[in-house]
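# Summary of the model geometry
Read off the chains here:
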Amino acid sequence: MSVVYDCSDPDARTDGLKAAAASVRSGRLVVLPTDTVYGIGADAFDSAAVRALLQAKHRGPDMPVGVLVGSWSTVDGLVLGVPQQARALIEAFWPGDLSIVLPHAPSLNWDLGTTRGTVMLRMPLHPVALELLREVGPMAVSSANVSGKPAAANAQEAKDQLGESVSVYLDGGPSGEPVPSTIVDLTGPAPVMLREGAVTAAAVSEVLGVELGPQE
């Protein structure tokens with residue numbers, strides 16, 4: 001049975017984070033607040049849990065799941081290399097609303113969907129999310145909704161859509177405006193903006209020192 005923890009109460013937050021960490025480690029799904037919208041998450045290295053996440057969202061592996069991390073340094077162990085452009089973006093916008101696509105380390109045993117050897121990484125600016133990520137490590141996280149339906153801006157909206165497929169709901173209050181993260185792809189010869197969200201193309205271009213337009 002799913003349990004909702006009110007993270008505005010210190011005791012409930014402590015209990016909720018402990019329950020969420022145990023759930024992630026045992027291959028179950030959790031819903032967590034982020035700085036954009038609520039996310040549904042699983043252990044990034046547990047392929048069965050990631051498949052369960054996609055199933056809960058009624059989504060196929062053709063739409064791969066991104067990975068949230070709890071610190072800058074975590075990235076080094078997940079990707080083939082961290083180019084200077086990526087480090088510049090991380091220093092400028094993390095924790096925050098920027099996702100970066102990089103070639104993942106070939107030694108990693110994970111299955112996030114049809115990623116073609118890449119991984120989308122972000123460090124969220126939300127204390128509850130960061131505390132959980134620092135406890136359990138990288139998590140595969142997608143918006144907490146059934147595909148085709150609006151993203152959840154609070155824990156109840158997530159529960160209404162995902163129900164008992166999730167074992168723990170961490171209620172961090174309303175997420176604010178449901179603006180998605182900006183996605184920048186650094187896997188090619190030049191940076192490409194796959195989605196302009198909370199961080200503008202102009203802000204990214206200023207950090208990188210190159211003009212950056214939307215994906216053609």
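Just above sits the structure.
Computed from a prediction, not measured in an experiment: that's the story for all the values here.

This paragraph deals with helix α4 (residues 127-136). Taken together, the buried positions of α4 are Val128, Ala129, Leu130, Leu132 and Leu133. On its buried face, α4 sits against α1 (10-25), β2 (30-32), β4 (66-68), β7 (139-143) and β8 (168-171). Just past α4, the residue Gly137 takes up positive phi, approximately 90 degrees.

What follows concerns a negative patch on the surface. Residues Asp6, Asp9, Asp11 and Asp15 make up a contiguous surface patch of negative charge. Note that Asp6 resides in strand β1 (residues 3-6). The exposure class of Asp6 is partly exposed, given its relative accessible area of 39%.

What follows is about unusual backbone geometry. Between Trp94 and Pro95 the backbone carries a cis peptide bond, its omega angle lying at -10 degrees. Along the chain, Pro95 turns up in the loop between α3 (84-93) and β5 (98-103). Of note, His58 is a non-glycine position whose phi angle comes to about 60 degrees, a positive value. On the secondary structure map, His58 appears in the loop between α2 (47-56) and β4.

Over its 16 residues, α1 runs 23 Å from end to end, which matches the ideal 22 Å to within 8%, given 1.5 Å per residue. Listed in full, the buried residues belonging to α1 are Ala12, Gly16, Leu17, Ala19, Ala20, Ala21, Ser23 and Val24. Tucked inside the fold, the buried residues of α1 contact β1, β2, β3 (39-43), α4, β7 and β8. The distance from a side-chain oxygen at the start of α1 to the backbone nitrogen of Asp11 is 3.1 Å, and the residue carrying that oxygen is Asp9.

Basis of the calculations
Counting restarts for each chain: residues are numbered from 1 in the order of the written sequence. The predicted nature of this model means local features are confined to residues of pLDDT at least 70 and side-chain atom pairs, given and counted, to a pLDDT of 80 or more, with totals for whole chains, interfaces and linings taken over all residues. With hydrogens and water excluded, all non-hydrogen atoms of the structure serve as input to the side-chain values. Partly exposed residues are those whose accessible area sits between 20% and 50% of the maximum for their type, while under 20% is buried and over 50% is exposed, using a 1.4 Å probe and protein chains only. Each helix is a run of DSSP H or I of at least 4 residues and each strand a run of E of at least 2, with the numbering of both proceeding from the N terminus. Contacts between residues were defined by any pair of non-hydrogen atoms, one from each residue, lying within 4.5 Å. A patch is a set of surface residues, each over 30% in relative accessible area and not in a salt bridge, joined within 9 Å for like charges and within 5 Å for the nonpolar side chains Val, Leu, Ile, Met, Phe, Trp and Tyr. Surface exposure here means Shrake-Rupley accessible area, sampled with a 1.4 Å probe, where a residue is shielded only by the protein chains that are shown. For salt bridges, the criterion is a side-chain nitrogen of Lys or Arg within 4 Å of an Asp or Glu carboxyl oxygen. Counting rule for charge: Lys and Arg are taken as positive, Asp and Glu as negative, and neither His nor the chain ends is counted. In plain terms, the charge of a residue is placed at NZ if it is Lys, CZ if Arg, CG if Asp and CD if Glu. Between the first and last residue of a helix there are one fewer steps than residues, each counted as 1.5 Å, and that sum is the expected span. Polar contact is the term for a pair of N or O atoms within 3.5 Å; when the atoms are in protein, one must be able to donate a hydrogen and the other to accept it, and sequence-neighboring residues count only if both atoms are side-chain atoms.

It is worth stressing that arrangement in space is one thing and function is another; only the former is reported here.
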